[in-house]
Amino acid sequence: MTGGHARRRRVNALMFALTALCAAVSAGVLFAILGYIAWKGASSLSWAFLTRLPAPVGETGGGIANSIVGSAEVVGLAGLIGVPVGVLAGVYLSEFGGRGRLAFWVRYAADTLNGVPSIVVGLFAYALVVLPMRRFSALSGAVALAIIVVPIVLRNTEEFLRLVPGTIREAALALGVPRWKVTLRVVLPTARRGILTGALLALARAAGETAPLIFTAFGNSFWGRSLLQPVATLPLTLYNYAISPYDDWHRQAWAAALILMLFVLAVNAAARVWLKPVSGGAS
Amino acid sequence: MATAAAPDRIPSVARGAAAVPGPRERAGDRLFRLGVAAFALLILALTAALAVMLAVESRGTWRSFGFSFLWSTEWDPIGGKFGALPFLYGTLVSSALALLIAVPLGVGSAIFLAELAPRRVSDAVSFAIELLAAVPSVILGLMGIFLLVPWVRAAEPFLTRWLGWLPLFRGAPYGIGLLAAGLILSLMILPYIAAISREVLLTVPRPLKEGLYALGATRWEVVRGVSLPYARSGILGAIFLALGRALGETMAVTMVIGNTPQISASLFSPAYTMSAVIANELAEASSPDHLSALVAIGLTLFGLTVVVNGLARLLIRRLEARG
Amino acid sequence: MNPLMMNARQPEDPAVPRPTEPYGEGVPLAHAVGERPVVMTIRNLRAGYAGGASVLKGVALDVRERAVTAIIGPSGCGKSTLIRCLNRMHEAVPRAWCEGDIHLGGRNVLHLDPVVLRREVGMVFQRPNPFPTMSVFENVAAGLVLNGERDRAKIAETVESSLRRAALWDEVKDKLASPGVGLSGGQQQRLCIARALAVRPRVLLMDEPCSALDPLATARIEELLVQLKEELTVVIVTHNMQQAARVSEYTVFMLMGELVESGPTQRLFTQPKDKRTEDYITGRFG
């Protein structure tokens, strides 16, 4: 039976190698992408690129300052709308909803919303904000991104609140503290790290979204003057430059991609480092 | 009897059904509970509103075309002819192609990471793969336009030479088209398949595996005999979740698929997807009919992803219930 | 084995044990106690969870002031549920219910606002549960601060006195700002006691406070109890009969949701009136 045994060992080794190759390819793609973007983007990166407005069509040079500010504006506003809604609804699910019927449907809705293609979310924001106001605007873009952020923040908040041991709630209740205060002042702070990290990751994802902004934030070659005006955002500008026929814009698209990528990577890496020591004492 | 009796078991406090409602609840607590419940309701309402909006805004299309909207192939906004089949076709074929590439690669990676690799290698590689999921799709699209499409264009004649007996691999080598779209989509969904499958595989109970090891099985035999069968529904769930992503993905696909509403047997030919046509035409849709048709496509896409994602969650939950 | 020396038996009293029974006359007591005033009267207390069997089936008990009352009984007998009814923590669990009479200084506890009640009836739990995001100081101050106290001097004063009363001050006075969860298990439990004391309760409920601690840490808590009963009333649930015998003036034996027997600790351990009590304390139970 040694022959059978040797064959089994060979199959084992072969499959080991094959799956290792899969993993290497999968992880390698990331490094290939990062490396290529860094290579193509770095040469075009300059102070002027970060601080100037786009040059008129046909002229070379110019920058993406308005897109960076616009992205911060839209994503920031989306966070202001989406994070509190997600966190508070998450508080409901974890602290009050339990296995009730409302909680079931809210979870179902959040999971459904989370799976809705971002372009469809954009369509919704278009119908909700753009059509009634009869104009593209930063606000409508923020609403679209907020709808993307909410379900992620919601489920993340619920998850981290559930990790807070029941004994912590008991301890606070037993001190004669009303329940709402226990939730706000003891339970939420205990889960704070996880909740904030989740919100940050959700916003990083929103910052990279393009599809829902095409017909909401719309884009702009100048500074957006108000939240009710169209506004340029980094991914949207990147997209417009990438599909344009101009070489100089292609060059700028790579540089914009590098900035966007660095931002997303930084947030992800920071989130991971920050989350590592899971909130002390919580067994 | 045992003198040191185990501590009395008390159910965990303060999380649960309606938590002591009625007159005993303090006003502040009641206000707070109703307040957060309102936010929970808001999410429910938002989701319902999304579905209702899609249905209402697209009713014109359903009224004039009925379900034949989904079967007809002509898309002529100026002539007022709207048929969604080319988009449905492009979405389904590019997603299927993406699954064809990403499933073996992703599940293979997951097996390696969960079962075979040393812990530190596994953690590092998993981190890299999860970061890949965080790359914005517009950046993948950019890579697609300037890197992938030229490669595909160069590779297509070779594919034709060897596989040209299949209609799939015939036609002019544009580079842009279904093949490029499928490839870029596979990159987008690979991390989901790999990461979730790995997690699922890590939940396989040790004693189950040790039983087979004790009989002298090799690691691969344990993977095939115990881990994969145990994790099957979870991995299937991961695949469906990835499919949901692929169906709805917009930017990367729009940038490489060629945006031509046609149905061709060849993977080389340009095509169009549902999400791409919404992205490209909505901002310029001037006639109500055109707008309504685009929303109808959105509704179709929404329905498709809700079903696929629902199935995915069901499959993953089934595994959890067993675990 | 009987944790106390067996003494000459008095003739058994066949009467059903009354909650307010006097401790057995003529028995030499290790903890000689005079009759103390009753601070809490419990009558016909029933409790349980909706959809399940009731956990307490009509309990009657008098809790006496400035003394330690120990509740013993096998696992699942309802002793934890009993003390959790006394500050209405029982109701914090979903679908829990509780009915009957619990009087504290003339007021029916079950009609009080639980939040107000819990400031008078504090609790210490099985496992030390300091708030993980708070420092030692903040943990002790939590009850005051969360209830709206702003006066910093008063807070600092209360924190110090509470830590002193919990016999922890000397060990933590130099690390008041470090996290409460960084202390040892025994210190954490005394921190939780200090946290409960800072609210100035009249009654302190302790739910197996030593079950997660090593013998040395347990001994410190037991010493502490001797001091604490000088100023407040303690009701302690314990699965450890020796502990009950060491620290308490009064002992309550519970079985399957019923209060079988209660009385002065010495009497209960040396001359149990109920066969079941005797079986339990001599280890012949079950």
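Look above for the structure.
Here the structure is a predicted model, which is why all the values come from computation and not from measurement. (Residues numbered from 1 in each chain as written. Chains lettered and ligands numbered in written order. Predicted model: local features only at pLDDT ≥ 70, side-chain atom pairs only at ≥ 80, totals over all residues. Heavy atoms only, no water.)

A. Examining the sheet that holds strand β5 (residues 107-108) of chain C more closely. All names here are of chain C. Ordered by their spatial adjacency, 4 strands build an open sheet running β2-β1-β4-β5, and the pairing between neighbours is antiparallel. Either end of the sheet is taken by a strand with one partner, and the two such strands are β2 (54-64) and β5. Relative to β5, strand β4 (residues 96-104) is paired through 2 bridges, and the arrangement is antiparallel. Its bridge partner being in β5, His103 is matched across the sheet by Asn108. (Pairing = 2+ DSSP bridges. Helix = DSSP H or I, 4+ residues; strand = E, 2+ residues; numbered from the N terminus.)

B. The arrangement of the pattern of salt bridges in detail. Summed over the entire model, instances satisfying the criterion amount to 32 salt bridges over all chains. For Asp111(A), the salt bridge is made with Arg313(B), and the minimal N-O distance between the two is 3.5 Å. You can see Asp111(A) sitting in helix α4 (residues 101-115) and its partner Arg313(B) sitting in helix α12 (residues 288-322), one on each of two chains. Among the salt bridges present, the one from Glu171(C) reaches Arg190(C), with a minimum N-O distance of 2.8 Å. Of this pair, Glu171(C) sits in helix α5 (residues 169-172) while Arg190(C) sits in helix α6 (residues 185-197); the two residues are 19 residues apart in sequence, bridging distant segments of the chain. Glu171(C) gets classed as partly exposed once you look at its relative accessible area, which sits at 29%. Relative accessible area serves as the criterion here: at 5%, Arg190(C) is assigned to the buried category. (Salt bridge = Lys/Arg side-chain N within 4 Å of Asp/Glu carboxyl O. Buried < 20%, exposed > 50% of the residue type's maximum accessible area, 1.4 Å probe, protein only.)

C. The arrangement of the environment of Asp247(A) in detail. Residue and element names in this part refer to chain A. On the secondary structure map, Asp247 appears in helix α10 (residues 247-275). With relative accessibility at 64%, the residue Asp247 sits in the exposed group. Once the C-alpha coordinates of Asp247 and Thr60 are considered, the two residues, 187 residues apart in sequence, prove to be 9.2 Å apart.

D. Main features of the interface of chain A and chain B. The interface of chain A with chain B comprises 87 residues on the first partner and 85 residues on the second. The junction of chain A with chain B conceals about 7400 Å² of combined surface from both sides, 79% of it contributed by carbon and sulfur atoms. Seen at the junction of chain A and chain B, the total is 3 salt bridges. Inspection of the chain A/chain B interface yields 10 residue pairs in polar contact (both at pLDDT 80 or more). Considering each element in turn, the side of chain A that touches chain B owes the most residues, 18 residues, to helix α1 (residues 2-42) of chain A. Its residues assigned to classes, the side of chain A that touches chain B shows 63 nonpolar, 15 polar and 9 charged. (Contact = heavy atoms within 4.5 Å. Buried area = accessible area lost by both parts, 1.4 Å probe. Polar contact = N/O pair within 3.5 Å; in protein donor to acceptor, adjacent residues only side chain to side chain. Nonpolar A, V, L, I, M, F, W, Y, C, P; charged D, E, K, R; others polar.)

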